[in-house]
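Chain by chain, the residues:
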Amino acid sequence: MTTTYKVHGGLAFEPARFDAIETLPLPDHICIQIDRDATPAVTEGDCVLKGQTLSQCEPDQVAQHASISGVVTDISDSVITIRSDGLDQSFITPHANRSYPQRINNLCHQYGLVGLGGAAFPVHKKLDAIKHLTPDTLLINAAECDPAIYCDEALIQDRARDIVKGIEIALSASGAQQCIVGIEENKTESIAQLLEHLPAEIKLVVVPAIYPSGAENTLFALCTGKTGGVRKNNSLCFNVATCYAIYKAVTLAEPLVSRVVTVVTERAVRNFELRIGTPLTHLCKHLSLPLNSAITCGGQMMGRMITSDHYIEKRTNSLIFHKHTTKKSVACIRCGACADVCPERLLPQQLFWHTKPYNRTALLNLNLSHCIECACCDAVCPSHIPLTDFFIHAKEAIQIENTEHQKAELAKDRYEARLARLKNQSKRERKKLDNKTASLSNSQNKDQLKKDLIAKALQRSKNKKLTPPHHNTGDDQS
Ligand code: SF4
Ligand code: SF4
């Protein structure tokens, strides 16, 4: 039986229900990537439990945890491999955390939470950035606009109550003045679920189902009517799945060891709760998919081609298994179709022109940094040019250059500070030396004076001795 829900201005939707979120049998091993600069907290041969920390948790790093129990068999290239013991024993001890509002940042950091919408930005850094501010709006992104990603929708339909608890925790941690949940109009069952659980002070805004309405700044503009994006409007944005992870971390003390992933095959669209680090070969095996499948990771629009050698990461939201047929790209015919569809009003063909050869200045002038990597331009390009790939590589090159530049600037500052320190030091030493010399010469002068006085006294006494004694003749008595 279907129910029709009326929301926002009397719009009527028929709920569309997803199948329940599925799980897979235990993989025989998992591979967890830790931060490149992080120090592993385990060594080869260690026995670990599910939920156990695998890397030291520095302030700017994302903590990683074991998603199965077993033995650490390899640590190389920042990847920790754990062979399952088949027992799935947990390190996690759920507890009711009553003092959470003050500790949310720390817990998000400790439990390795990142944005689960695809960007994987650390949650604790996002909260840290607004620590001393009162944000205007906390935007919750439930839009999920990519046509091949359904993991958030499935999660809302399955766990709306817990997601809403996570939203309330995020609202309390951020101190935002208002909270808006933005969702596309075609997600009817999810809208119904959210409306059932959201408290009155959290607003649900239904936006048109037009790609890329789920892009953070686009959704912000659609929900608030404000231009300039989230940051410029003193606001912040979390994805619904991130809110669910916040709920689990803060109230159940559960680190981020699994996530929901949409798996699209030629036969079906299914949503699985997969352990972080699950090899894609394990997924292929259980779904009877060939190991040499061409796989798009990250959605139909923004996804990137990968092979089954990869494993599930915190950012993995969707996997499309298909027989990939790459269309050969040919030269740009300057049709302008890419510029017509760009939601950021960029000039993709010109940006492309300046990626080969790479022209940093031109790319910056053409606002490459505003590109949201939505791949709308790729979709319409009649020459099948993978424009977004070029933009991503160019942005990475700029980022590397910026980092190098910052490092060089830092080194220059430190060098100059050292020179100044040495100069001051030598000045101080010079002055000290001068003072010493002056005092030495003073004391030498004093010594000389003393010596002169003594010499004079000695001379006087000598002179006295040489003067004949005065004899009394009695003449004075007359
Ligand atoms: S990927 Fe293409 S369409 Fe999308 S923002 Fe970037 S340039 Fe514009
Ligand atoms: S859509 Fe493709 S062919 Fe047309 S201008 Fe853009 S890059 Fe060139």
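Residues numbered from 1 in each chain as written. Chains lettered and ligands numbered in written order. Predicted model: local features only at pLDDT ≥ 70, side-chain atom pairs only at ≥ 80, totals over all residues.

**Topic: the packing of helix α3 (residues 151–174) against helix α7 (residues 240–252)**
Where we set the bar: Note on definitions: angles span 0 to 180 degrees between N-to-C directions of axes, and those axes are lines fitted to C-alpha atoms, for helices only across the stretch in contact. Helical segments are the DSSP runs of H or I of at least four residues, strand segments are the runs of E of at least two, and each set is numbered from the N terminus. For classification, angles of less than 35 degrees are called roughly parallel, those exceeding 145 degrees roughly antiparallel, those between 65 and 115 degrees roughly perpendicular, and all remaining angles oblique. Rotating anticlockwise by less than a right angle from the far helix to the near helix defines a left-handed crossing, while the corresponding clockwise rotation defines a right-handed one. The contact criterion used here is simple: two residues whose C-beta atoms, placed from the backbone, lie within 7 Å are in contact. Three categories are distinguished: nonpolar for Ala, Val, Leu, Ile, Met, Phe, Trp, Tyr, Cys and Pro, charged for Asp, Glu, Lys and Arg, and polar for the others, with Gly belonging to the last.
Taken N-terminus to C-terminus, the directions of α3 and α7 make an angle of 55 degrees; their axes are 7 Å apart at the nearest point. Overall, the two elements α3 and α7 adopt an arrangement that is oblique. Between α3 and α7 lies a crossing whose hand is left-handed. Across from Cys151, Asp152, Leu155, Ile156, Arg159, Asp162, Ile163, Lys165, Gly166, Ile167, Ile169 and Ala170 in α3, the residues of α7 making contact are Val240, Ala241, Cys243, Tyr244, Ile246, Tyr247, Val250 and Thr251. The class makeup of the residues in the contact of α3 with α7 is 14 nonpolar, two polar and four charged.

**Here's the deal with the domain arrangement of the chain**
Keep this limit in mind: Domain borders in the structure are assigned automatically or taken from a domain database.
The domains assigned to the chain are domain 1 (27–87) and domain 2 (259–322). Here the side of domain 1 that touches domain 2 is composed, by residue class, of five nonpolar, two polar and no charged.

**So, the pairing of strand β10 (residues 236–239)**
Our working rule: Buried, partly exposed and exposed are defined by the number of other C-beta atoms within 10 Å of a residue's own C-beta, namely 20 or more, between the two limits, and 12 or fewer respectively, with C-beta atoms placed from the backbone. When DSSP finds two or more bridges between a pair of strands, those strands are recorded as paired.
Burial along β10 is two-sided: Leu236 and Phe238 and Cys237 and Asn239, pointing in opposite directions, are all buried. Bridge count between strand β7 (residues 137–141) and β10: four bridges; the pairing is parallel. What sits directly across from asparagine 141, in β10, is asparagine 239.

**Considering the site of ligand 2**
To keep it simple, the criterion reads: Nearness here is judged by the C-beta atom: place it from the backbone, and if it falls within 6 Å of a molecule or strand, the residue counts as near that partner.
As a structural note, the neighbourhood of ligand 2 is formed by 16 residues, with Cys332, Cys335, Cys338, Gln349 and Cys381 the closest of them. Elements represented by at least two residues in the shell around ligand 2 include exactly α9 (337–341) and α10 (348–353). At three residues, the largest contribution of residues to the shell around ligand 2 is made by α10.

**Examining unusual backbone geometry**
Along the chain, tyrosine 211 connects to proline 212 via a cis peptide bond; the corresponding omega equals 0 degrees. Looking at where proline 212 falls in the secondary structure, it is placed in the loop between β9 (202–207) and α5 (216–224). Cis geometry marks the peptide bond from lysine 356 to proline 357; its omega dihedral reads -5 degrees. With respect to the helices and strands, proline 357 occurs in the loop between α10 and α11 (360–365). Backbone geometry at serine 78 places phi at a positive 60 degrees, although glycine is not the residue there. Examined against the element boundaries, serine 78 turns out to sit in the loop between β5 (70–76) and β6 (79–84). Taking the number of C-beta atoms within 10 Å as the measure of exposure, serine 78 has 15 and is therefore partly exposed. One non-glycine residue, asparagine 234, adopts positive backbone phi at about 50 degrees. Here asparagine 234 shows up in the loop between α6 (229–232) and β10.

**Re the sheet that holds strand β11 (residues 258–264)**
Strand order in the open sheet made by the five strands is β12-β11-β15-β13-β14, with mixed pairing throughout. Only two strands of the sheet have a single neighbouring strand rather than two, namely β12 (269–275) and β14 (304–306). Each adjacent strand pair in this sheet contributes to an overall mean axis angle of 30 degrees, direction not counted. Judged from the seven bridges that link them, β11 and β12 form a sheet pairing that is antiparallel. Each residue of the ladder has a partner; that of arginine 259, found in β12, is leucine 274. Contacts between α3 and the sheet are confined to β11, β12 and β15 (318–322), with β11 contributing the most and set at about 120 degrees to the helix.

**Re the nonpolar core**
The cut-off we apply is this: Linking buried Ala, Val, Leu, Ile, Met, Phe, Trp, Tyr and Cys residues through C-beta atoms within 7 Å yields a set, and such a set is a nonpolar core.
Membership of the largest hydrophobic core comes to 105 residues, with the highest contact counts inside it found for Ile140, Cys243 and Ile246. Broken down by element, the residue count for this core peaks at 12 residues, all from α3. Two domains each provide a minimum of three residues to this core, namely domain 1 (27–87) and domain 2 (259–322). What cysteine 243 contacts, discounting residues up to four positions off in sequence, is Ile140, Ile163, Gly166, Ile167, Ala170 and Phe238.

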